[in-house]
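Next come the chains, spelled out residue by residue.
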There are 2 protein chains.
Amino acid sequence: MGRGLVNRLLALLAAFAALALPGMARAEDGYDLWLRYAPLDDGMAADDAAALGPVTSASAPTPTIIAARSELERGLAELLDGHEPAGRGIVLGLARDLDGAAAREAATLEGQPAGAYRIARLADGRILIAAQDDIGLLYGAFAFLRHLGAGEPVSTIDDISAPAFSLRIIDHWGNPSGLVERGYSGRSIFDWWHLPDRLDPRMIDYARAEASIGINGVVVNNVNAKAYVLEPRYIAKLRRLADAWRPYGIRVYLTARFSAPMELGATGTADPLDPAVRQWWKDKADEIYAAIPDFGGFLVKANSEGQPGPQDYGRTHADGANMMAAALGDRGVVLWRAFVYSAEDSTDRAKQAYNEFVPLDGKFADNVILQVKNGPVDFQPREPFHPMFGAMPHTKLMLEGQITKEYLGFATHLAFLAPLWKEVITADTGHGGVVAQNLVGMAGVANTGSDRNWSGSHFDQANWYAFGRLAWDPRMSSGNIAQEWAAQTFSRDPGFLAEVVPMMLGSRQAVVDYMTPLGLAHQMGTGHHYGPAPWICDLARPEWNPCYYSKADAGGIGFDRTATGSDALAQYAPTVAAQWRDPKAMDEDYLLWFHHLPWDFKTQSGRALWPELVHRYDRGVAEVDAMAATWASLAPNVDEQRFEDTSEFLAIQQREARWWRDASIAYWQSVNHLPLPEGAAPPAHSLDWYEALSFPDAPAD
Amino acid sequence: MGRGLVNRLLALLAAFAALALPGMARAEDGYDLWLRYAPLDDGMAADDAAALGPVTSASAPTPTIIAARSELERGLAELLDGHEPAGRGIVLGLARDLDGAAAREAATLEGQPAGAYRIARLADGRILIAAQDDIGLLYGAFAFLRHLGAGEPVSTIDDISAPAFSLRIIDHWGNPSGLVERGYSGRSIFDWWHLPDRLDPRMIDYARAEASIGINGVVVNNVNAKAYVLEPRYIAKLRRLADAWRPYGIRVYLTARFSAPMELGATGTADPLDPAVRQWWKDKADEIYAAIPDFGGFLVKANSEGQPGPQDYGRTHADGANMMAAALGDRGVVLWRAFVYSAEDSTDRAKQAYNEFVPLDGKFADNVILQVKNGPVDFQPREPFHPMFGAMPHTKLMLEGQITKEYLGFATHLAFLAPLWKEVITADTGHGGVVAQNLVGMAGVANTGSDRNWSGSHFDQANWYAFGRLAWDPRMSSGNIAQEWAAQTFSRDPGFLAEVVPMMLGSRQAVVDYMTPLGLAHQMGTGHHYGPAPWICDLARPEWNPCYYSKADAGGIGFDRTATGSDALAQYAPTVAAQWRDPKAMDEDYLLWFHHLPWDFKTQSGRALWPELVHRYDRGVAEVDAMAATWASLAPNVDEQRFEDTSEFLAIQQREARWWRDASIAYWQSVNHLPLPEGAAPPAHSLDWYEALSFPDAPAD
C-alpha cells in the first residue's frame, strides 16, 4: 500500500467528482417515479450484493427480454450503490427453456394467464425469474426490483403472481392540440405534432412505468374524440408509439368518433347498419392492423354529452358497438363506455346508464366490453358502486376509475384513491360475488402530463401506481400498496412509513368529509369542478346544478332514491338495496345519496343530521391539519424539493378544506335557517363572499 | 501516508459514488441552458483554479449580491471540476465600497448606466467584479462565468460593459389557462393556478437565465389580454413572482386589456377621457404598486386584431396610452404596441402602423414607449425594417422581435435569428443613424415553455440567448453570439465551434430561401402559419390570404410598393427608399417585397426571375441538407440525447424544406404556366396533393 494505490484512488475520486457534480445540482424532481431505485442502506446493499450475481437469460433475447435484463441491471446498479454483486446469478427464463430445479419452479405457472411470473431462489443460490411468456419475465424483473426497492432482503423474496384481469388499461383524455381534458399536470405527454418523426424519450420511461405496474393497454386520445385521428397521418404516429411500447407489453388503443366516416367525407351517414359505414370501419381496421398488428381496439363514447352515436340513427348501443366489433374481428376489442349522460331521463341521472344498458344484456358481441364508471354518477369523492356491476351476466364489463382527481381537488389536494377503488371492487353486488369478480378489466383515466413529476404532485403518482397494482391484483390492500409505493418513492425508513402510510390511507376520507360528507355528491362548481358551489341552481339542465344533487331545502337534505323517490335503489340486487333502505341502520357514508332526510334526523352518533353534517366537515378539516403536521414531521426523511413541494400543496389544501367547509355551511344555513351547532366555528366569510368567487382560469375545464 | 489516508479516500469515494449514480442515469436534457457550466478540460481547470480563490464581497450582502456570489460559487465548482481554487480571491464590490486599485478600476464605470460592470485582475492577483449597483454585480458575475465557460483563461479576462438600452424585456404570450399563443415548447412556464401559494422552482432558474443575458423586464401574460388578470387575485400572484425575481433585477409587467374597467364592472365605458375610467386606472395602478413597488408597467395591444382600444371611442392611440401613463405616473411605463391590424386600410397592410402612429409623433407622454415590430408586416423570415424607426423623433420607440418562430418552422426548424435582428438594428434609417440608435429598448416574444429544454428545441435556446445579448449590446456580431452560446451550451472544442457556428449563421437564410425567397412574405398557411399555402386566396379579408402578399399571376409576381403601387416605399426616408426603388440595382433579398415583376425579369445572377426563384428554393433545400450533414459529423462532440434530438428535427426540416419548395413551385407553375428551369427537379406531388394537406392540430394556433 503506497503512493500507487493512493494515486489510483485519487484518480477515481476525480472521476466520481466529475460525474457527481452535475448530479448534485439537480434536486429530486419526481421524474423517476417509484422506479427511483434509491441506494439501499449500506448493510442491506452489502448483503444483497453478496447474494446476487450477473443477470443472464436462459431464453433467446427478444426486445422484451432485453428490456427486462436492462431494467434489472439498471435497478441493481443503483440499489446496490457500488457494492459489486458477488453471489450466484439472476436467471431470466421462459418455462420452456428451463430445466432441472428451475423448470420445476416455472411449472408452478402452468395454467396461469399471460404475464404471470415466478421469482424463486434455487437451491444453488441462483435467483430465478421465470414466466411462460416474454412479458411475464419483464413483469417478474420489475417485481424483483420492487421487492428489493421496498427493502426486502434477497433471501426472503419468493413470489408467484398472475394478473387478475386480462385488460389493464390507462385512458388518456388528451387532445392532439396537447390540452388534456381534466388534466392537472400540464400538457399531454404525447408530442403528436412531431410524431412519427420524433419519439420523445419520455415515451420509453412512460412505458417502463406502466409495465412496472402491469398496465398492458393505453388509450392515447380523448374519449371526446376527433375524427381525424383515424386518418393515415395519425395511424403513422400511433404506429411509432406502438413499436416503441411493444417490448413493454403495451398495446395501443384509439378512441373512435362514431361519426368519423361521415366527418371524413367517406359516407353520408354513420348509421351502424348502413353497409357503406360498416365497410368503412372494416377497411379502417384493416388499415390500422396493417400498420399495427397488435392494435388493441377502439374506445367509444357514444350518445353522451353531445357525442354522436347509434341512437342518432334509431339504433341501440349494441348495434353501434357490434358494428365496430365486426370491423375489428378477433384482432381487437371495442371498449364501449356506459357513461351516458343525455337529456333523456331527468328524474335521476344516476339511473340512466343502467336503464339504457341492462336491457341489452346478451346482445353485445363477444369482443365488446362495456366500460362502466365506478359509480352511477361521475367520479365523486364517494359513490356507491355502479348498479350495472353484476346486473349484466351475459356481457363483459370493465371498471373505469379516474386517476386524475377531477372532483377531488385536482392535483393539489392529497387524496390517495386506493381506498375508493377498493370500496367498489370489493363491494358485494348481490348477484353473486363482489364487483371484481364481474370484471374482465380495469381502465384508469390518466393523471399524467408534461409536468416534470408526471402527475402534477408527488402524491398523485401513488394513485397511478395504485390503479395499476389493483388492476393486476384487486385483492391487494390499500395499505400494502401505499407502503410499497412510499418505500420506493420516498424512503424505506420504518418510522417514515409508519407515519406516511396511515396519512395516505386517511386522506380520501378527509376529502369526502370536507367536500361532500354523508353521501352528498356533486357540490363542486359546475364546469371546472373546483371548489364548493352548493348554491348553483339556475342552469338550464337540472342535473348541471349542485342543488339537483343535494335537494336541500328548509325541510331537509339528500336525494331520495328509495321507492318514494327516484327508486334508483331498485337497480341494485335486493340484498344490496336492503342494506341502504333504512336510513337509521345503514352505512351513513351513503346516507344522503339515497335519502332525503329532515335536518333533525337522528344519526347513529346520537347527533341530529345538521350537527352531524357540521361535525363531518370539521373532521375533514382537522384531518388535513393532521396530515400537514404529519408531513412536517417527516422533513428528515424526504429530500428538500419534494418535501417543500408537498408542504406547499398541503398548505393550500388546509386553506381550501376550510373554504369547502365554510362555504358549504354558510349555504346550508341559508337554506335551513338553523343556528350553528354549539362549539362550531362560524364561516370566515358571508355566503355572498363565497358565491362571488370566480375561477375563469381553472385548468382543464 | 498509510491506511488512515486510504480509508479516508475510500470513504470519500463511497460518498461520491452515492451522489454520482443518480446523476449518471440522467441524459443531458437541455434544462441547464447555457448555464451548464460543463467542466473545463483538465489543464484549463487546473490553471484557472490556480488563479482563482474564494468569492468574497466588499459590499454588504443584499439578495442580489447573494445571488451573484451563489452563482459564482455554483459555476466555479462545476467548471473547475474538483480542482480546488488555490489563488487569490474573487471580490465582488460596489464602487462606493472599494478602495485602492479596486476603486480605481471601478471608477471607470462612472457615468455608465444601471447594470454596467467591470471585471479586472488587480495587481495583487485578485479578480475584481465591480459595479455601481447590485444588479451590475450580478451581471458581472454572469459575465465572468460566461468568459470562463467559453474557455477563456482567467489571465485574459478583462471586461467593462454597459447595456445599450434601459429596457430589455421578454414578452410572454401565455394565457392564464396555460396555453401559449404561438408557443411551440409546451405549456406556459407560469403555474398561475397555484400562485401565489406555490412558487415553482423553475421560476428561479428562469430568472437566472434571464439575468445572465441582461434581461430586466418580463411581461407575464398575453398581449391578447384577459381583464381578470388585473383583479386582486392576480395581483397577489404577480407579487409572488416579482418578489422572487427582484434579486435578479427583473421587473414584472402586465398586459392590460383596454376595456378592463368596463369588463370588470366598474365603469360603463372604457373611454380614456372619461374621468371614472381615468380614476379606475389610477386606483388600479396604486393597488398594484402597493403590492409591487417596482412594477414595470403595462403592455397594451389596442385596436388591433379585434382588441378594444381608444379608437372605439373616437380617441387616438395617444389618448389611450397617455391615460394609462398618467395612472402609472413616474412609477412605470406604458408599452403601447404599434402592431395595429384592423380593416381600415386594405390597400397595403404594411403601411398601416406608420399611417396611424407617425402623425401622433410628439403627442405621447414621456413614459409611453411605442413597441414596434422589426418589420412592417408580421415577423416574416425576412422583412425590411419598420419605417416607423427613425420617423418619430419625438417619441420613444422599442423594437419588438419574435423569439418564438411563428413563421419560421416553429421549434422544429433550426434557424438562428441573430442575423435577422442584426439586419434590422444595424439598418440605416436615413433619418440619422441606424435603427438601434432610435430605440430605448428591445422586447422579444418568448419561446419558453414547459418543455424540459425550455425552448422546444436545443437550438432555439440560442435565439433566446441572442435576443438578450443583442438587447444588452446591439453591436455584438451574430458570430460572436453563436460562438459564446455554442461553447457554453454544447462544447468548447474548436473543431466543433468551427462547424456549428457557420451552420447557425447560415440557417436563417436557408429558411428564407426555402419558404419565401427574394422578398416574398406570408406564404404560410393562414391561421397556424405552418407549411406552404401560396394558393389560399378565398378568405374574407384580403390580407388574410397569401395571394395578397405574392400578387402572383401569369404576368408576374411581387407586391408593388413603389409609387406605381401602394407606395409604402414613401414611408421610408428618401435615401432608404432610393436604395429599394430600382429592382435591377437593389438588394434582391427585398426584391418582391417592393416590386411586382414579370417572370422573365432579369435578376443580377443573369437568370430570369422564374429560374432565379427556383434556384433560391433549391439553395435553401441544399443548405438544410448541408446543415444535417454538418450536424451528423459533430456526433463526437455532443452528448447522445441532444445529438439525437437535433438530428431528428433536422431530418424533419430536410423533408419540410422540400415540401415548401415543391408546393411553392407547383403553385407558381399553376399561375405562370412556365416549364421548370432546366435541371430543376419536379415537385414530388401534384399541386392538388399539397393543397389537400390539412393541419387542424397545428400547435398554438
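Thresholds, definitions, all that
Numbers given to residues run from 1 along each chain, matching the order in which its sequence is written. Whichever chain is written first becomes A and whichever ligand is written first becomes 1, with later ones labelled in order. Whole-chain, interface and lining totals are the exception, using all residues; otherwise, since this is a predicted model, local features are given only for residues with pLDDT of at least 70 and side-chain atom pairs are given and counted only at 80 or more. Excluded from the side-chain calculation are hydrogens and water; included are all heavy atoms of the structure. Relative accessibility under 20% of the residue-type maximum defines a buried residue, over 50% an exposed one, and the middle range a partly exposed one, all with a 1.4 Å probe and only protein chains included. Here a strand is any run of E in DSSP of at least two residues, a helix any run of H or I of at least four, and the numbering for each starts at the N terminus. Each direction from the helix axis to a C-beta atom contributes to the arc, which is the arc of those directions. Residues count as neighbours in contact if any of their non-hydrogen atoms are within 4.5 Å of one another. When the centres of two rings from Phe, Tyr and Trp lie within 6.5 Å, Trp using its six-membered ring, the rings pair. Their planes under 30 degrees apart give stacked, over 60 give edge-to-face, and anything left gives tilted. Over a ring means this: the NZ of a Lys or the CZ of an Arg is within 6 Å of the ring centre and within 35 degrees of the ring normal. A fitted line through C-alpha atoms represents every axis, and for helices the fit uses only the stretch in contact; the resulting angles, taken between N-to-C directions, go from 0 to 180 degrees. For classification purposes, angles smaller than 35 degrees are called roughly parallel, those larger than 145 roughly antiparallel, those between 65 and 115 roughly perpendicular, and all remaining angles oblique. Residue type decides the class: Asp, Glu, Lys and Arg count as charged, Ala, Val, Leu, Ile, Met, Phe, Trp, Tyr, Cys and Pro as nonpolar, and the leftover types, Gly among them, as polar. The disulfide criterion used throughout: a pair of cysteine sulfur atoms within 2.5 Å. The salt bridge criterion pairs a side-chain nitrogen of Lys or Arg with a carboxyl oxygen of Asp or Glu, the two atoms within 4 Å. Handedness of a crossover is defined as follows: orient the strands so they point away from the viewer, and if the path from the first strand over the helix to the second runs clockwise, the crossover is right-handed. For every domain, the bounds stem from an assignment made automatically or drawn from a database. Accessible area that two parts lose when put together, evaluated with a 1.4 Å probe and summed over both, is termed the buried area. N or O atoms closer than or at 3.5 Å make up a polar contact, with two conditions inside protein: a donor-capable atom paired with an acceptor-capable one, and, for residues adjacent in sequence, both atoms drawn from side chains.

### Some words on helix H2 (residues 42-51) of chain B
All names here are of chain B.
Point 1. Met44, Ala45, Asp48, Ala49 and Ala51 are the residues of H2 that are buried. One side of H2 holds all its buried residues, which, seen down the axis, span an arc of 160°. H2 presents Asp42, Asp47 and Ala50 as exposed residues on the side facing more than 90 degrees away from its buried surface.
Point 2. Summarising the contacts, the buried residues of H2 are in contact with helix H3 (63-80), strand S3 (117-121) and helix H5 (134-149).

### Description of the packing of aromatic side chains
All names here are of chain A.
Point 1. What the rule picks out here adds up to 96 aromatic pairs over all chains.
Point 2. Judged by centre distance (6.1 Å) and plane angle (50°), the ring pair of Tyr530 and Trp659 falls under tilted. Note that Tyr530 is positioned in the loop between helix H15 (494-515) and helix H16 (546-550) and Trp659 in helix H20 (residues 640-672), a separation of 129 residues in sequence.
Point 3. For Tyr530, a relative accessible area of 5% corresponds to the buried category.
Point 4. An aromatic cluster is built from Tyr31, Trp34, Phe190, Trp192, Tyr206, Tyr228, Tyr234, Trp245, Trp454, Trp464 and Tyr465, whose rings are joined through pairwise contacts.
Point 5. Here Lys237 stacks its cationic end above the ring of Tyr234, 5.2 Å away from the centre of that ring.

### Some thoughts on the packing of helix H3 (residues 63-80) of chain A against helix H5 (residues 134-149) of chain A
Residue and element names in this part refer to chain A.
Point 1. In contact at an axis separation of 8 Å, H3 and H5 are set at 10° when each is read in the N-to-C sense. Between H3 and H5, the interaxial angle falls into the category roughly parallel. Contacts from Thr64, Ile65, Ala67, Ala68, Glu71, Leu72, Gly75, Leu76 and Leu79 in H3 reach Asp134, Ile135, Leu137, Leu138, Ala141, Phe142, Phe144, Leu145, Leu148 and Gly149 in H5.
Point 2. A per-class count over the contact of H3 with H5 returns 14 nonpolar, three polar and two charged.

### Things to note about the state of the cysteines
Residues and elements named next belong to chain A.
Point 1. Taken as a whole, this structure holds two disulfides over all chains when the rule is applied.
Point 2. The disulfide partner of Cys537 is Cys547, and the gap between their sulfur atoms is 2.0 Å. Classification of the bridge connecting Cys537 and Cys547 rests on its S-S torsion, roughly 85°, and on that basis the disulfide is right-handed. One end of the pair, Cys537, is in the loop between H15 and H16; the other, Cys547, is in helix H16, and ten residues separate them in sequence.
Point 3. Using a relative accessible area of 48% as the deciding quantity, one classes Cys537 as partly exposed.
Point 4. When its relative accessible area of 16% is taken as the criterion, Cys547 is described as buried.

### Re the environment of Leu109 of chain B
Point 1. If you trace the backbone, Leu109 of chain B turns up in the loop between helix H4 (100-107) and S3.
Point 2. Each C-alpha atom, one on Leu109 of chain B and one on Ala131 of chain B, is 7.1 Å from the other, the two residues being 22 residues apart in sequence.

### Some remarks on the pattern of salt bridges
Point 1. All chains considered together, the criterion is met by 95 salt bridges over all chains.
Point 2. The partner of Asp697 of chain B in a salt bridge is Arg233 of chain A, with the nearest N and O atoms 3.0 Å apart. In this pair, Asp697 of chain B sits in the segment after helix H21 (687-692) while Arg233 of chain A sits in helix H7 (residues 232-245), so the two residues belong to two different chains.
Point 3. In this structure, Glu484 of chain B engages Arg469 of chain B in a salt bridge whose closest nitrogen and oxygen atoms are separated by 2.8 Å. Here Glu484 of chain B is found in helix H14 (residues 478-489), whereas its partner Arg469 of chain B is found in helix H13 (residues 460-472), with 15 residues between them in sequence.

### Brief notes about the pairing of strand S13 (residues 441-445) of chain B
Residues and elements named next belong to chain B.
Point 1. Across the five residues of S13, five count as buried, placing the element largely inside the fold.
Point 2. Going residue by residue along S13, you find Gly441, Ala443 and Val445 tucked away on one face and Met442 and Gly444 tucked away on the opposite face as well.
Point 3. Following the chain from strand S12 (residues 396-402) across helix H12 (residues 418-425) to the adjacent parallel S13, one finds a crossover that is right-handed.

### A closer look at the domain arrangement of chain A
Interfaces are often sized by the accessible area lost when the parts come together.
All names here are of chain A.
Point 1. Domain annotation for chain A reports domain 1 (32-161), domain 2 (167-339 + 367-489) and domain 3 (514-692).
Point 2. Using C-alpha coordinates to define each centre, domain 2 is positioned 30 Å away from domain 3.
Point 3. With 30 residues of domain 2 at the interface, the matching set in domain 3 holds 32 residues.
Point 4. Taking both partners together, domain 2 and domain 3 bury about 2600 Å²; carbon and sulfur atoms supply 64% of that area.
Point 5. Linking domain 2 to domain 3 there are one salt bridge.
Point 6. Taking the shortest distance from any N to any O, the salt bridge between Asp589 and Arg382 comes out at 3.7 Å.
Point 7. Where domain 2 packs against domain 3, one counts eleven residue pairs in polar contact (both at pLDDT 80 or more).
Point 8. When the residues that make up the side of domain 2 that touches domain 3 are grouped by side-chain class, the tally is twelve nonpolar, twelve polar and six charged.

### Brief notes about the environment of Ile170 of chain B
Residue and element names in this part refer to chain B.
Point 1. Within the fold, Ile170 resides in strand S6 (residues 167-171).
Point 2. With relative accessibility at 1%, the residue Ile170 sits in the buried group.
Point 3. It is 28 Å that separates the C-alpha atoms of Ile170 and Gly519, two residues lying 349 residues apart in sequence.

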